[in-house]
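Now for the letters of each chain:
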Amino acid sequence: MEEAMEDIVIAGAGLAGLATALGLHRKGVRCLVLESSPALRASGFAFTTWTNAFRALDALGVGDKIREHHLLYERMIAFSAATGEAAAEVSLKIQGKSGPHEIRCVKRDFLLQTLANELPEGTIRYSSKVAAMEEDGSVKTLHLADGSIIKAKVVIGCDGVNSVVAKWLGLPKPILSGRSATRGLAEYPAGHGFGPEILQFIGHGFRSGVLPCSDTSVYWNYTWYPSPADGDAEESVAKMRSHVVAKLRGAKIPAEALEVIERSEMSDVASSPLRFRSPLALVRGSISRGGVCVAGDALHPMTPELGQGGCAALEDGVVLARCLAEAFSHGHGHGHEQDDEGRRVKAALEKYAEARRWRSIQLITAAYVVGFIQQSNNAVVRFVRDRFLAGLLAKTLVAMADYDCGTL
């Protein structure tokens, strides 16, 4: 049985895990990343990368590499599913707290690979799923599914919605929102013809978005309230695609947006339920304890209406790396010096938790409220939304992105 000792172990090579690892590397602190899959996973195809995410990516030193391959958006157009007409248009060329906003749709696999390529060889250990975790004083023991054991001074749970580390900390399971989501990516080798804009379609119980990633690829998403009337739509990718196209065609969305869905690649999983962490659980719960903490979806799973889940994970990585690097900056010692290091680590993770707790609560709550309003079938809510709130909702998305997690 293999057994190893590490200073810092990160469970999960997703956005939060790799951002934290790269931040630590930039600060000269070594870590080991455990990834349960045999290779990097890029579920969801792409994600909206807002101003706050690019501030984090710049802090990590990879912002320009991402910009080179993804379109900069100039505006957002929200269409009413009831009428098929534009209910609001928001210019994205507006000033934030520290400069103009920057919004792009970034391919998840490209970003993950970019982050991974910046790490020293051997940082990521694949096919290494954390099955259980124990504590022995200041040392944490991780039992992997392959039978091996890793001991660590610090364990960071970036292991997603069903996080083993979050469970160990006592955080309750994320709540089912009652909504599901499906996503796809369409490739246009000769160019797609869409402008640098986000197209959103809201109402009639669903929300859908069409977002160009580059001149040759377009990402789309669709969230809805499943019901018996959907039949067997979720049984297969083909049935799910037909279901989405039929719903959107009935909502009179533009033909070019329908074509994106009809020609796209979709995940083997036709759809997935949307979960979120109760904000009250984060008010009362432990984000960190001793040498253990959580980040990314293990900390703040949220519904996707703000497009901030991945962005917040990148913020987590920068803040966490900055705090931990301070704790390990004194080098290694023995006896009392090790006790001092343990106290510094505990204080560093508490500082991280304090910085991320209220930001996470704010994002989770805002995402849920925006989603409820956007997808409501209630006649009164729909009337007010389509005539008065569509522009306000779009501006809320931009406002939530005007956040700076700082530098390393």
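Please refer to the structure placed before this passage.
Quick caveat: nothing in here was measured; it's all calculated off a predicted structure.

Trainee: Could you clarify how one ought to interpret the overall build of the protein in this entry?
Mentor: When helices and strands are counted, the protein shows 11 helices and 20 strands. Its C-alpha atoms give the protein a radius of gyration of 22 Å, near enough to 22 Å, the size a compact globule of 408 residues would have. In terms of overall dimensions, the protein has a C-alpha envelope of 70 × 45 × 45 Å along the principal axes. A buried classification covers 56% of the 408 residues belonging to the protein. Pairs at least 24 apart in sequence give 75% of the contacts found in the protein among residues at least 6 apart. Carbon and sulfur atoms form 52% of the exposed surface of the protein, whose accessible area is close to 17100 Å².

Trainee: Would you mind showing me how to read the environment of I66 here?
Mentor: In this structure, I66 sits in helix α3 (residues 63–67). Take I66: its relative accessible area is 0%, and that puts it in the buried class. A C-alpha to C-alpha distance of 25 Å links I66 and S360, two positions 294 residues apart in sequence. With near-sequence residues (within four places) excluded, I66 lies in contact with F54, L57, V106, F110, L111 and T114.

Trainee: Just to check I follow, could you spell out the environment of A348 for this structure?
Mentor: The topology assignment puts A348 in helix α10 (residues 336–375). Looking at A348, the relative accessible area reads 7%, which means it is buried. When the C-alpha atoms of A348 and V9 are compared, they prove to be 16 Å apart, with 339 residues separating the residues in sequence. The residues contacting A348, other than those within four sequence positions of it, are C323, L324 and A327.

Trainee: What is the right way to read the packing of helix α6 (residues 237–250) against helix α7 (residues 255–262) from this model?
Mentor: A pair of packed helices can be characterised by two numbers: the angle between their axes and the separation between those axes. Packing of α6 against α7 brings their axes to within 10 Å, and their N-to-C directions diverge by 175°. One element, α6, and the other, α7, form an angle in the roughly antiparallel class. Here R241, V244, V245, L248 and R249 of α6 come into contact with α7, specifically with L258, I261 and E262. For the contact of α6 with α7, the per-class residue count stands at five nonpolar, no polar and three charged.

Trainee: Is there a simple way to think about the pairing of strand β13 (residues 175–187) in this case?
Mentor: Side chains on a regular strand alternate between the two faces of the sheet. Relative to strand β18 (residues 272–276), β13 is paired through four bridges, and the arrangement is antiparallel. Of the residues in β18, the one forming a bridge with L176 is R275. Pairing of β13 with strand β16 (residues 217–224), which is carried by eight bridges, proceeds in the antiparallel orientation. Bridging across to β16, R183 finds its partner in N221. Bridge count between β13 and strand β17 (residues 265–266): two bridges; the pairing is antiparallel.

Trainee: For this particular structure, what's the right way to read the nonpolar core?
Mentor: A general trend in soluble globular proteins is that nonpolar side chains are found buried together. One finds I8, L111, I156, V294, L314, L324 and Y352 to be the most contacted residues of the largest nonpolar core, which totals 104 residues. Here this core takes 13 residues from helix α9 (residues 309–328), the largest share from any one element. Contact partners of Y352, with chain neighbours within four places excluded, come to I287, C293, V294, A295, L299, D316, V319, L320 and C323. Counting 26 residues, the second-largest nonpolar core is a separate cluster that includes F194, F201, M266 and A270.

Conventions and cut-offs
Residues numbered from 1 in each chain as written. Predicted model: local features only at pLDDT ≥ 70, side-chain atom pairs only at ≥ 80, totals over all residues. Heavy atoms only, no water. Helix = DSSP H or I, 4+ residues; strand = E, 2+ residues; numbered from the N terminus. Rg over C-alpha atoms; globule rule 2.2 N^0.38 Å. Buried < 20%, exposed > 50% of the residue type's maximum accessible area, 1.4 Å probe, protein only. Contact = heavy atoms within 4.5 Å. Areas by Shrake-Rupley, 256 points an atom, 1.4 Å probe, with all protein chains shown as cover. Axes fitted to C-alpha atoms, helices over the stretch in contact; angles between N-to-C directions. Parallel < 35°, antiparallel > 145°, perpendicular 65-115°, else oblique. Nonpolar A, V, L, I, M, F, W, Y, C, P; charged D, E, K, R; others polar. Pairing = 2+ DSSP bridges. Core = buried A, V, L, I, M, F, W, Y, C linked by side-chain atoms within 4.5 Å.

Purely geometric numbers; function is a separate question.
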